[in-house]
Structure formats: C-alpha cells, structure tokens
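# Fold and contact review
Here are the chains, one letter per residue:
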Amino acid sequence: MKIKSLKKVIASLICAALVFISAPQMSASAALKDIQRLGGRYDELVRQNYDHNAYQCHHLIAKEALNQWGDDIYENGGINQFNEFLVGDEKQNWGPSIIMEKADHEQTLSYYNSETRTRLQNSQASKYISKQAYRIINYGNIKSVLRYEIDFIKRTFPGKYDVGISQVWAYIESLQFSQIKNRTTLTMRNPYNLRWFFNYQFKR
C-alpha cells in the first residue's frame, strides 16, 4: 500500500511539473491572440495594453532607414505639413509594423542591439538597414522593401504572424504608394490625414 501511495505522489508531482513547464508557452501563445490589433501603424500598435516585455513592435522598414530617408527629404526641401510625419519624427510612429514575440523580433534582419548582439550580427543589421534606405532614396521601392521584409518573416515563422501581416498590408494599401512622372517620383498619402499627398523625387 505504501508503495502504491508513493507512486501516486510521484505521478502527481510529475504532472504538476509538466503543467508548470508548459504554462508559460501556453499563456504566451494565448496572449498574442488576445492582442486586439497585431499589424498597422507603429504608434497605434505600441500603445495597446499587452505585455511589452514579452512582445515588441517591429518596424517592417527599420526606423533608422526611415530616418535616413527623412534626412534626405529635409536636406533637399525642408519640412512641411505634408512630410512632417516622416521628417519630424525620429520614432517613425507612422511606420508599417507588426507585433512579434521578443525572441522572434530579435531574429529579424534589422534587429540591432549593442548589448545583446555580436559585432557581426550588428554589422549585418546595419548593412541591411542601409540597403533599405538606399532602395527607397534612390529608387522609390518602398513597397518592394516592405514585401522583402514580410516574405522573410513568413519564411522564418510560417503562419505565426499571418494575421498581423494581413492587417499591416491593409494599412500599407491605404497609403496608396505609387510611382508617377515617368517613375521618377514616389507619391503616398499622409498617414495622419489621408486627404494630403506627399511626393518624393528619388535620386535614380
């Protein structure tokens, strides 16, 4: 009888341990689904109520790349009401973004962190960010830059971020990016006032 009782106790302890080990993963997965909006404009996503230690908001075009673009605009024409969202905001709150688990965010191509990443990883991230900026400034290829980043996320995390990607793509389409004037000028809607259009003559 004592042996049977001891076996029951051991079995109960093992079950309890398994539940404890699996609980964080289960709650993390459920929490991602519980976040109301997973893709769209950066500032709308980041101010939502969720665990900001477990989940992070990822700019599909790195904010550093967008800031390089903003610097080019400022140097060649200054700041005005139509481009202020891009030129005057170092956080790039308008940027198309998705919410990701922290560990996954750290695997994205543009993730840079001098404290947690190796010198090689940060060098690769810096090169990727510069490439994003170059393709926008010189060729106006903003949608292809966005597609490249989205395709990487879909390949790396199959199915995991499809909801956020669908939502952010709807936001991207609302901005109506297009190339005009013999494909020398990029035009897009101002994210904070869709009646305004912003034009950018790229350098190609």
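Anyway, here's the lowdown on the structure attached to this text. (Residues numbered from 1 in each chain as written. Predicted model: local features only at pLDDT ≥ 70, side-chain atom pairs only at ≥ 80, totals over all residues. Heavy atoms only, no water.)

### Let's talk about the pattern of salt bridges
Scanning all chains against the criterion turns up six salt bridges. Here glutamate 106 makes a salt bridge to lysine 102, at a shortest N to O gap of 2.6 Å. Accessibility expressed as a relative area gives 33% for lysine 102, which makes it partly exposed. Notably, a salt bridge pairs glutamate 173 with lysine 143, separated by 3.4 Å at the nearest N-O pair. You can see glutamate 173 sitting in helix H8 (residues 162–174) and its partner lysine 143 sitting in helix H7 (residues 142–156), a full 30 residues away along the chain. Sharing partners across several salt bridges, the network here consists of Arg41, Asp43 and Glu44. (Salt bridge = Lys/Arg side-chain N within 4 Å of Asp/Glu carboxyl O. Buried < 20%, exposed > 50% of the residue type's maximum accessible area, 1.4 Å probe, protein only. Helix = DSSP H or I, 4+ residues; strand = E, 2+ residues; numbered from the N terminus.)

### Re the pairing of strand E6 (residues 193–201)
Judged from the six bridges that link them, strand E5 (residues 185–190) and E6 form a sheet pairing that is antiparallel. In the strand pairing of E6, leucine 186 is matched with tyrosine 200. Here E5 folds back onto E6, and the loop between the two strands holds two residues. (Pairing = 2+ DSSP bridges.)

### Looking at the environment of asparagine 76
Position of asparagine 76 relative to the elements: it lies in helix H3 (residues 63–77). Sequence spacing of asparagine 76 and glutamine 201 is 125 residues, and the spatial spacing of their C-alpha atoms is 9.8 Å. Within the structure, asparagine 76 has its side chain in polar contact with the backbone oxygen of aspartate 72 (distance 2.7 Å). (Polar contact = N/O pair within 3.5 Å; in protein donor to acceptor, adjacent residues only side chain to side chain.)

### Focus: the pairing of strand E2 (residues 55–59)
Judged by how many residues are buried, E2 sits mostly within the fold: five of five residues are covered. Where burial is concerned, the two faces of E2 agree: the one with Tyr55, Cys57 and His59 and the one with Gln56 and His58 are both buried. As paired strands, E2 and strand E3 (residues 96–101) are joined by five bridges and run antiparallel to one another. Paired with histidine 59 across the bridge in E3 is serine 97.

### What to know about the packing of helix H6 (residues 119–139) against H7
Where H6 meets H7, the closest approach of the two axes is 8 Å, and the angle between their N-to-C directions is 150 degrees. In terms of orientation, H6 lies roughly antiparallel with respect to H7. Where H6 crosses over H7, the two elements pack in a sense that is right-handed. Where H6 approaches H7, its residues Tyr128, Gln132, Arg135 and Ile136 are matched on the opposing element by Ile142, Ser144, Val145, Tyr148 and Glu149. A breakdown of the residues in the contact of H6 with H7 according to their chemical character gives five nonpolar, two polar and two charged. (Axes fitted to C-alpha atoms, helices over the stretch in contact; angles between N-to-C directions. Parallel < 35°, antiparallel > 145°, perpendicular 65-115°, else oblique. Left-handed = near helix turned anticlockwise from the far one by under 90°. Contact = heavy atoms within 4.5 Å. Nonpolar A, V, L, I, M, F, W, Y, C, P; charged D, E, K, R; others polar.)

### Notes on empty space enclosed by the protein
It is the rolling of a water-molecule-sized probe over the atoms that shows where space remains empty. The full count for this structure, using the stated rule, is one cavity of 30 Å³ or more. By volume, the largest cavity amounts to about 50 Å³. Every element with two or more residues in the lining of the largest cavity is listed here: H6 and H7. Residue contributions to the lining of the largest cavity peak at four residues, all from H6. Taken together, the residues of the lining of the largest cavity sort by class into three nonpolar, one polar and two charged. (1 Å grid on protein atoms, 1.4 Å probe; cavity = no way out; pocket = protein on both sides within 12 Å on 5 of 7 lines; lining within 4 Å. Points joined across faces, edges and corners; volume = space filled by probe spheres on them.)

### Quick word on the sheet that holds E2
Across the sheet, three strands lie side by side as E1-E3-E2; this open sheet has antiparallel pairing. Two strands close off the open sheet at either side, each with one partner strand: strand E1 (39–41) and E2. Sheet twist, expressed as the average angle between the axes of neighbouring strands with direction ignored, equals 35 degrees. With three bridges connecting them, E1 and E3 associate as antiparallel partners. In the strand pairing of E3, glycine 40 is matched with serine 97.

### Some points on the nonpolar core
Residues Trp69, Trp94, Ile142, Ile153 and Phe177 are the most contacted members of the largest nonpolar core, which totals 45 residues. In terms of residues, this core owes the most to one element, H7, which gives six residues. (Core = buried A, V, L, I, M, F, W, Y, C linked by side-chain atoms within 4.5 Å.)

### Notes on the side chain of serine 97
Within the element layout of this structure, serine 97 appears in strand E3. By relative accessible area, serine 97 is classed as buried at 0%. One polar contact links the side chain of serine 97 to the main-chain carbonyl oxygen of glycine 95, over a distance of 2.9 Å. Excluding anything up to four places from it in sequence, serine 97 contacts Leu38, Gly39, Gly40, Tyr42, Leu45, Cys57, His58, His59, Leu60 and Val168.

Such coordinate-based values are descriptive only and should not be taken to indicate function.
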